[in-house]
Amino acid sequence: MIITVAAFKGGVGKSTTALHLATYLQNKADTLLIDGDLNRSALDWSNRGCLPFKVADEKDGVSLATLYEHIVIDTPARPDTNELKTIAKGCDLLVIPTTPDAIALAATLQMVNLLKQFKTNYRILLTLIPPNPNKAGEEARTSLEQAGIPIFKSGIRRLAVFQRAALEGVPVNVVKDSYAKIAWRCYAEAGKEILR
Amino acid sequence: MNKKKTSRFDDLIDAARSRQQRDKLQPTEDQPISQSKSTDPAYIRTTIYLPKQLHRQLKAAAISQERQMSDIVAELIEQWLVAGQQSKEKID
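Here's what I pulled together on the structure shown here. These numbers were taken from a predicted model, which means no experiment stands behind them.

### Some points on the overall build of chain A
Across its full length, chain A holds eight helices and six strands. Listed by position from the N terminus, the elements making up chain A come as β-α-β-α-β-α-β-α-β-α-β-α-α-α. Taking 2.2 N^0.38 as the reference for a compact globule, 196 residues should give roughly 16 Å; the C-alpha atoms of chain A span a radius of gyration of 16 Å, in line with that estimate. On the principal axes, the C-alpha backbone points of chain A span a range of 45 × 40 × 30 Å. Counting every position in chain A, which comprises 196 residues, the buried fraction comes to 58%. Long-range contacts, defined here as pairs at least 24 residues apart, represent 73% of the contacts in chain A between residues at least 6 apart. Looking at charge distribution, chain A has the averaged site of its 24 positive side-chain charges lying 5 Å from that of its 20 negative ones.

### Quick word on the nonpolar core
Residues and elements named next belong to chain A. Counting 37 residues, the largest nonpolar core has Leu33 and Val95 as its most contacted members. Of all the secondary-structure elements, those providing two or more residues to this core are strand 1 (2–5), helix 1 (14–26), helix 2 (41–48), strand 5 (93–98), helix 7 (161–168) and helix 8 (180–195). It is helix 8 that provides the largest number of residues to this core, a total of eight residues. Ignoring sequence-local partners within four residues, the contact set of valine 95 consists of Ile3, Thr4, Val5, Ala6, Thr17, Leu21, Arg123, Leu125, Phe152 and Ile194.

### Regarding the layout of surface pockets
Residues and elements named next belong to chain B. Here the largest pocket is characterised by a volume of approximately 740 Å³. Around the largest pocket, the lining comprises 18 residues; the ones closest to its centre are Ile44, Arg45, Thr46, Met69 and Ser70. Among the secondary structure elements, those contributing two or more residues to the lining of the largest pocket are helix 2 (52–64) and helix 3 (69–91). The greatest single-element share of the lining of the largest pocket, amounting to six residues, is contributed by helix 3.

### Some details on unusual backbone geometry
Proline 133 of chain A follows asparagine 132 of chain A through a cis peptide bond whose omega is 5°. Here proline 133 of chain A is to be found in the loop between strand 6 (122–126) and helix 6 (136–146). Although it is not a glycine, lysine 119 of chain A adopts a positive phi angle of roughly 55°. Within the element layout of this structure, lysine 119 of chain A appears in the loop between helix 5 (102–115) and strand 6. If you check the backbone angles, glutamate 66 of chain B has positive phi at about 55° while not being a glycine. Mapped onto the fold, glutamate 66 of chain B is located in the loop between helix 2 and helix 3. Assessed through its relative accessible area of 75%, glutamate 66 of chain B is described here as exposed.

Rules behind the numbers
- Within each chain, residue numbers correspond to sequence positions counted from 1 in written order.
- Ligands are numbered from 1 and chains lettered from A, in the order in which they are written.
- Only residues with pLDDT of 70 or above have their local features reported here, since the model is predicted, and side-chain atom pairs are shown and tallied only from 80 upward, although totals for entire chains, interfaces and linings are computed over all residues.
- The basis for the side-chain values is all heavy atoms of the structure; hydrogens and waters are excluded.
- Secondary structure elements follow DSSP: runs of H or I no shorter than four residues count as helices, runs of E no shorter than two count as strands, and numbering proceeds from the N terminus.
- Between the two quantities, the radius of gyration covers C-alpha atoms and the globule rule is 2.2 Å times the number of residues to the power 0.38.
- Burial classes follow relative accessibility: with a 1.4 Å probe on protein chains only, a residue under 20% of its type's maximum area counts as buried, one over 50% as exposed, and anything between as partly exposed.
- Contacts between residues were defined by any pair of non-hydrogen atoms, one from each residue, lying within 4.5 Å.
- Here the positive residues are Lys and Arg and the negative ones are Asp and Glu; neither His nor the chain ends is included.
- Positions of charges follow a simple convention, taking NZ of Lys, CZ of Arg, CG of Asp or CD of Glu.
- What is meant by a nonpolar core is a set of buried Ala, Val, Leu, Ile, Met, Phe, Trp, Tyr and Cys residues, joined one to another through side-chain atoms within 4.5 Å.
- In this analysis a 1.4 Å probe is tested at points of a 1 Å grid over the protein atoms alone, and where it fits but cannot get out there is a cavity; an open set with protein on both sides within 12 Å along at least five of seven lines is a pocket; lining residues have an atom within 4 Å of a point.
- Grid points are joined across faces, edges and corners, and a volume is the space filled by probe spheres set on the points.

Here's what the structure looks like:
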């Protein structure tokens, strides 16, 4: 399965999402994460610590792609139209992470509009959802659902343990923290929805 | 480079797709020829109780003859039904 993670706005948890979906898929079959982000955040992450799956840039990925069952592609923030077109047409599922705030949601809607011409299988993933009693996550979900935009049932909570994972260079499920399990479950549920 | 290739992800997607195509060809090749009884609508699964020793003997005999226990039991029941029919006819 080829899964692409893309968003028009930076800082919405794109690399974190790509990395954790790859972690989930690796449990099922060999998975390759392509770090297509020119910041090379995922490659940095894997160089800092260790990740349970293979990470490569898009050039090395060409020869590696045939060896892996699942491929997760992390893309640059604000991909240009040609890149978006290649990716949107070429992947089995496009995951669009978005935070539940007005600016990110506007960028997401802009992307959704652009995707209409490509017949893409895409789904929105709400990320960095603030804890209760803040209702931003629920409100964003309701408005996206009302607009008829496909969205993951699972959402990713805003938890400090994700920062710790990035710092240690590991996926969140191996961080020793009482919130690690909760954080991991967010992505495991999203992964389940992908393979269903 | 190919003229059609417009983004740096083109080659990657092509490579990944070719892998998927290779995967898709396989299942058509080794489709089962014979349907198993468990999926054949002409058969029904039932439970019967046998003395342990008899079940063991049946199993051993079936393996040594390379036959299915289901087939042996079905054959015996058929014989029994036919025999029952014949003895009934004699009385009539």
